[in-house]
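So the chains spell out like this:
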Amino acid sequence: MTTTQDSAVAVELITVIIDGFEVSVPKGTLIIRAAEKLGIQIPRFCDHPLLDPVGACRQCLVDVEINGRAFPKPQASCTIPVEPNMIVKTQLTSPVADKAQKGVMELLLGNHPLDCPVCDKGGECPLQNQAMSNGRADARLDGYKRTFEKPINISSSVLLDRERCVLCARCTRFSEQIASDPFITLNERGALQQVGIYENDPFKSYFSGNTVQICPVGALTGASYRFRARPFDLVSTPSACEHCASGCDMRTDVRRGKTLRRLAGDDASVNEEWNCDKGRWAFKYVTALDRLTHPLVRNAEGVLVQASWPEALAAAAAGLKGKRAAVITGGRVTTEDAYGYSKFARIALNTNDIDFRARVTSDEERDFLAAHVVGSATTYRDIDLADHVALIAFEPEEESPIVFLRLNKNFKKRGLKVSAVAATRSIAMNKLKAEFIKVAPGSEAAAVAGLSLTAKSLILIGERASESAGLFSAVAALAAQTGAKIAYIPRRAGERGALEAGALGSLLPGGRPVADAAARVDIAAAWGVASLPSEPGRTTSEIFAGLASQQLEAVVVGGVEIQDLPDSAAALDALKKSFVVSLEIAPSAVTGVADVVLPVAAITEKSGSFLNWEGRARAFDEAVADSQNRSDVRILSMIADAMGESIMLGTVTAAAREFNQLGKWDGSRVQFAPVSAGTAKSVNGNEALITSWRRLLDMGALQKGEDNLAGTRRPTVAVISAQRATALGVTSGDQLRISNSRGSITIPALVDDIHDDAIWLPRNSFASQTLVSLDAVHGDVVTVVKA
Amino acid sequence: MSDFIEPRKSSELDINSVPFVEVNQPGPASLLTQAKGFWVTFSTMFKKNQTVQYPDVKAPTAPRFHGRHQLNRHPDGLEKCIGCELCAWACPADAIYVEGGNNTPGNQLSPGERHGAVYQINYLRCIFCGLCVEACPTRALTMTNEYELADDKREKLIFEKEDLLAPLRQGMLAPPHPMYPGMTDTNYYNGDVKEAHPSQQGQN
């Protein structure tokens, strides 16, 4: 749909002759890119298709002639766009260009240390390769090379070796143009020119790993991959990122069954060669020593003991068979696994009591997902085409970093207007120069109604909207009124896939409403069963309430972290009262109270796919081939077999095939029942309304053991307004004590642009876990005093 | 008709009726030719005996014989290997496995930033071609003349770094220890370090 719109715009083609071959390219194409189209490789270092041309390295010199008039000297082909009647001679046909390139290479190598044997880039280094293909065979320069102290940590994750740098400015241009994190710059001049950080200000960017990947020499290296392997040791597998719903294309490099690094893949329609540091450097949890390796079963004495697979499956089946049971999948499941849970609940447990949302939720959110999200296809392209983007309960840089990069690209390239309805100003809002619509926590819905959008606008709404009553309803009304598109961006990678796979009480796979008899018949026929349960299922909070009141007797739990839930202590008590089957990769609070624990495969050990926030399938293969661990769907299938209620999903492939064959629901959607707009609670004195989100780099379970990554976390602070700071007599840096009847948090204050009634705290950062310590969600009242 | 042919009893066999091909064989060689042959045998009795009483007597090899590898040390005892894996890259038999490691202030095994953390040569695969020695950029890997590499277990023929490291000689200190004071890794490669400095001892 969008592609036809694009191709409708007539593209003016220009024909040029490169090395005697004609090629027609769109107007504005650079010579170096036109040559690539012919398969002619002009050596380059600074040129990068996604960064603005700079002509810094001078390696791509070619002879250029326009209308019969030649440039007096070879020109940098990465900065000159093609023009009519242009004749280009590269190093292949012009001895002058060839000599010029060899001369530049000789000068670049003049100060480059010959430390390839200790350099991480050795074996995959553009400088090595191009020195062989386009350099002189021997060096004529004699004497000492310029030396610097090697290496220096420009952040805990990135190391800089200034001796190796060829000053291509890719890293500084990336930081400035793409990430808007200008923490690094080129200092000094001449031979001493070098990449540097500002004094006392390390390279704390969420996107710093991309500079390591695009560095054409070994000047920037990642601390976690330092000296670990050579390219010929690695087995690379295309994969997808499991950390958030952005859906980055990735490459996983494995040596001897262990992931050593992950790189951003090249998918122009999604992540455009970039990814965030969490996706790049948080993978050690897979090989952590505390992984579950054997099934565990609680014995007669109430102790979890190792068991064989047949014993554990029999115990799980016996505990679930004929019981009133529910399923909570968690947001990290693959689409295939979610489909397995969905089918398992309906067939083996004969219930619709399934929910993928292991977090703060609302019924309004469930209905909004069923009415507006499932089956929808808003994409990154819609950000490119939007005239105005509204961010509702969504902090793009922290919660979906690639969405932020795309917003930032559109802001930089065409001044995209961004508005954000929130209680506090965020770093991303500053970068995007977003219109900040300041509201008290809890009263967002009223402010949303006032947004002036058009039919070309886009509303990005995050999962935190479920914490503010009426917000989803206000967004739905605004979209209906203006014609603006809605995109729901959850935080976790598996949530959209789980929604489509029917891991929700009110929806069957493919967005079929449970309440619709035709939809139930549809699925029942495909599954070969007589009928499906017709009663709408419970939500996460209702499931825990049901377990606590013994209305439900058993529960199957996927990758759920109990501290993500509101009132996690009560949730844990509810689990203790019930028969719990836990499918997990590592011990957690849930496995601690489970009756049967079944180890499952982590992302690199299995194949599958995620659906990112767009609903786009992000498939991945198993990177570690000989793992003994199996995907959730296979284990669910084995439990179902043991229960005598087969779900026939023995492999991921089978689940994917069956799910895709079901297709999407083409009948009528669930009608969305609007909820009236909520208001902010009133506060007085030292009271404040809490607002929070999770930082990208925080105490998340999948970042366990990544010490280098932890070093680039943003500081844990409590953001208060200037008015409150004056009232409390504190300045930025002073300790604040935030408390309620459940507990307290003591962290430093930061005075910033925030609603006077509000206080912002990170939700799951070191020393500030608002759900665990305070059990407070967005809009709850806390007391703030100077500590 | 059946393919099975009933075997005949031996009593039914007439040996003369079995068909055969007559082969022409030359008769005995002339006496002179035979004497020539026996003369070789006879004259050998007066030559020097070439039999080596191995393993009681071990004959020295040629000086550049390709035997077991050795990972050499700098004169102060630091390892020359930097874990660059060029030997593994050069190896045509895929017999070498290397993992690099980071030299830290408390764990300096070689000069500079990088050391070989894991170093294995699989002598079940090694063909003793010496390409690894040619590839080594720091002269860490050379070959000794040791050729007694048989063993009774496959695992024993995978030599670890400890098995391959050269012994500590006079003036050397066992790593990890800091680099020679005032010297850089370049000085080490230029041969400026002659022996361990007293200050290098006991700092780790």
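Numbering of residues starts from 1 in every chain and runs along the sequence as written. To read the labels, note that chains go from A and ligands from 1, taken in the order they are written. In keeping with the model being predicted, local features are shown solely for residues with a pLDDT of at least 70 and side-chain atom pairs are shown and tallied solely at 80 or more, while totals for entire chains, interfaces and linings include all residues.

What follows deals with the overall build of chain A. Put simply, DSSP H or I for four residues or longer makes a helix, DSSP E for two residues or longer makes a strand, and each gets a number counted from the N terminus. Counting its regular elements, chain A contains 26 helices and 36 strands. Its C-alpha atoms give chain A a radius of gyration of 28 Å, within 12% of the compact-globule value 28 Å for 787 residues. For chain A, the spread of C-alpha atoms along the three principal axes comes to 85 × 65 × 55 Å. Residues classed as buried in chain A amount to 55% of the 787 residues present. We call two residues in contact whenever the C-beta atoms placed from their backbones are within 7 Å. Taking as baseline every contact in chain A between residues at least 6 positions apart, the subset at least 24 positions apart corresponds to 71%. With the radius of gyration taken over C-alpha atoms, the globule rule is written as 2.2 Å times the number of residues to the power 0.38. The burial label depends on the number of other C-beta atoms within 10 Å of a residue's C-beta. Counts of 20 or more mean buried, 12 or fewer mean exposed, and intermediate counts mean partly exposed, with C-beta atoms placed from the backbone.

Residue and element names in this part refer to chain B. For two strands to be treated as a pair, DSSP must find at least two bridges joining them. Strands sit in the order β2-β3-β5 across an open sheet of three strands; the sheet is antiparallel. Unpaired on one side and paired on the other, β2 (96-102) and β5 (158-159) mark the two borders of the sheet. Taken together, the seven bridges between β2 and strand β3 (residues 114-122) define a ladder with antiparallel strand orientation. Counted as the bridge partner of Tyr97 is Gln120 from β3.

Another aspect to go through is the pairing of strand β19 (residues 388-392) of chain A. All names here are of chain A. Among the five residues that make up β19, four are buried, leaving the element largely enclosed by the rest of the structure. Bridge count for β19 against strand β20 (residues 417-422) is five bridges, and the pairing is parallel. Bridge pairing in β20 links Ala390 to Ser419. Strand direction decides the pairing type here: β19 and strand β22 (residues 458-462), joined by four bridges, are parallel. Following the sheet pairing, Leu391 is matched in β22 by Leu460.

Another aspect to go through is the interface of chain A and chain B. Residue-level contacts link eight residues of chain A with 13 residues of chain B. Partitioned by chemical class, the residues of the side of chain A that touches chain B number four nonpolar, no polar and four charged. Polar here means any residue outside two lists: the nonpolar Ala, Val, Leu, Ile, Met, Phe, Trp, Tyr, Cys and Pro, and the charged Asp, Glu, Lys and Arg; Gly therefore counts as polar.

Before going further, it helps to examine the pairing of strand β17 (residues 325-328) of chain A. Residues and elements named next belong to chain A. Every second residue of β17 is oriented toward a common face, with Ala325 and Val327 on one face and Ala326 and Ile328 on the other, all of them buried. Pairing of β17 with strand β26 (residues 554-557), which is carried by four bridges, proceeds in the parallel orientation. What sits directly across from Ala326, in β26, is Val555. Handedness of the β17-helix α9 (residues 335-348)-strand β18 (residues 354-355) crossover: right-handed. Crossovers are marked right-handed if the path from the first strand over the helix to the second runs clockwise, as seen with the strands pointing away from the viewer.

Following Tyr54(B), the chain continues to Pro55(B) via a peptide bond in cis, the omega torsion being 5°. Within the fold, Pro55(B) resides in the loop between α1 (31-44) and β1 (69-71). In this structure, Pro176(B) follows Pro175(B) across a cis peptide bond, with omega equal to 5°. Mapping Pro176(B) onto the fold places it in the loop between α4 (161-164) and α5 (185-189). If you check the backbone angles, Leu167(A) has positive phi at about 55° while not being a glycine. Secondary-structure assignment places Leu167(A) in the loop between β8 (158-160) and α5 (170-178). Residue classification places Leu167(A) among the partly exposed positions, given that 19 C-beta atoms sit within 10 Å. One non-glycine residue, Phe227(A), adopts positive backbone phi at about 60°.

Residue-level confidence of the predictor is summarised by pLDDT, bounded by 0 at the bottom and 100 at the top. Confidence along chain A averages 94 in pLDDT terms, with 99% of residues attaining 70 or more. Segment residues 1-7 of chain A: pLDDT under 50, and two contacts once partners within four positions in sequence are set aside and those in other chains are kept.

Residue and element names in this part refer to chain A. Among the secondary structure elements, Lys284 is positioned in the loop between α7 (277-281) and β15 (296-298). Linking Lys284 and Glu706, residues 422 residues apart in sequence, is a C-alpha distance of 6.8 Å. The residues touching Lys284, leaving out its near neighbours within four places in the chain, are Gly705 and Glu706.

Turning our attention to the packing of helix α3 (residues 95-110) of chain A against helix α4 (residues 126-134) of chain A. All names here are of chain A. Fitting a line to C-alpha atoms yields each axis, with helices limited to the stretch in contact; the angle taken between N-to-C directions then spans 0 to 180 degrees. Taken N-terminus to C-terminus, the directions of α3 and α4 make an angle of 140°; their axes are 10 Å apart at the nearest point. Between α3 and α4, the angle falls in the class oblique. Considering only the axes of α3 and α4, their crossing is left-handed. For the pair α3 and α4, the contacting residues are Gln101, Lys102, Met105 and Leu109 in the first and Gln130, Ala131 and Asn134 in the second. Classifying every residue of the contact of α3 with α4 by side-chain character gives three nonpolar, three polar and one charged. Working rule for angles: under 35 degrees goes down as roughly parallel, over 145 as roughly antiparallel, 65 to 115 as roughly perpendicular, anything else as oblique. Crossing handedness: left-handed means the near helix sits turned counterclockwise from the far one by under a right angle, and right-handed means the same turn made clockwise.

Looking now at the nonpolar core. When a protein is soluble and globular, its nonpolar side chains tend to lie buried together. Only buried Ala, Val, Leu, Ile, Met, Phe, Trp, Tyr and Cys residues enter a nonpolar core, and they are joined through C-beta atoms within 7 Å. Among the nonpolar cores identified, the biggest contains 234 residues, and Ile392(A), Ile459(A), Leu460(A), Val475(A), Val555(A), Ala718(A) and Ile759(A) are the most heavily contacted of them. Those residues in contact with Ile459(A), other than ones at most four positions away along the chain, are Ala390(A), Ile392(A), Val475(A), Leu478(A), Ala479(A), Ala484(A), Lys485(A) and Ile486(A). By size, the runner-up hydrophobic cluster in this structure holds 22 residues, among which are Ala88(B), Ala95(B), Cys126(B) and Cys136(B).

A few words on helix α8 (residues 309-320) of chain A. All names here are of chain A. Under the convention used throughout, the expected extent of a helix is 1.5 Å for every residue step, that is, one less than its residue count. Given a rise of 1.5 Å per residue, twelve residues ought to cover 16 Å, and the 16 Å separating the end C-alpha atoms of α8 matches this to within 8%. The complete set of buried residues in α8 reads Ala312, Leu313, Ala315, Ala316, Ala317, Gly319 and Leu320. For α8, the secondary structure elements touched by its buried residues are β15, β17, β26, β27 (579-584), β28 (596-599) and α22 (632-643). Looking at the residues trailing α8, positive phi occurs at Gly322, about 75°.

Residue and element names in this part refer to chain A. Between the first and last C-alpha of α9 there are 19 Å, a value that for 14 residues agrees with the 20 Å anticipated at 1.5 Å per step. Within α9, 14 of the 14 residues are buried, leaving the element largely enclosed by the surrounding structure. Positive phi appears at Asn350, one or two residues downstream of α9, with a value of about 50°.

Turning our attention to the packing of helix α10 (residues 363-373) of chain A against helix α16 (residues 471-482) of chain A. Residue and element names in this part refer to chain A. As a packed pair, α10 and α16 sit with axes 9 Å apart at the nearest point and diverge in direction by 30°. Here α16 runs roughly parallel to α10, going by the angle between their axes. For the pair α10 and α16, contact is made by Glu364, Glu365, Phe368 and His372 and by Phe472, Ser473 and Ala476, respectively. Partitioned by chemical class, the residues of the contact of α10 with α16 number three nonpolar, two polar and two charged.

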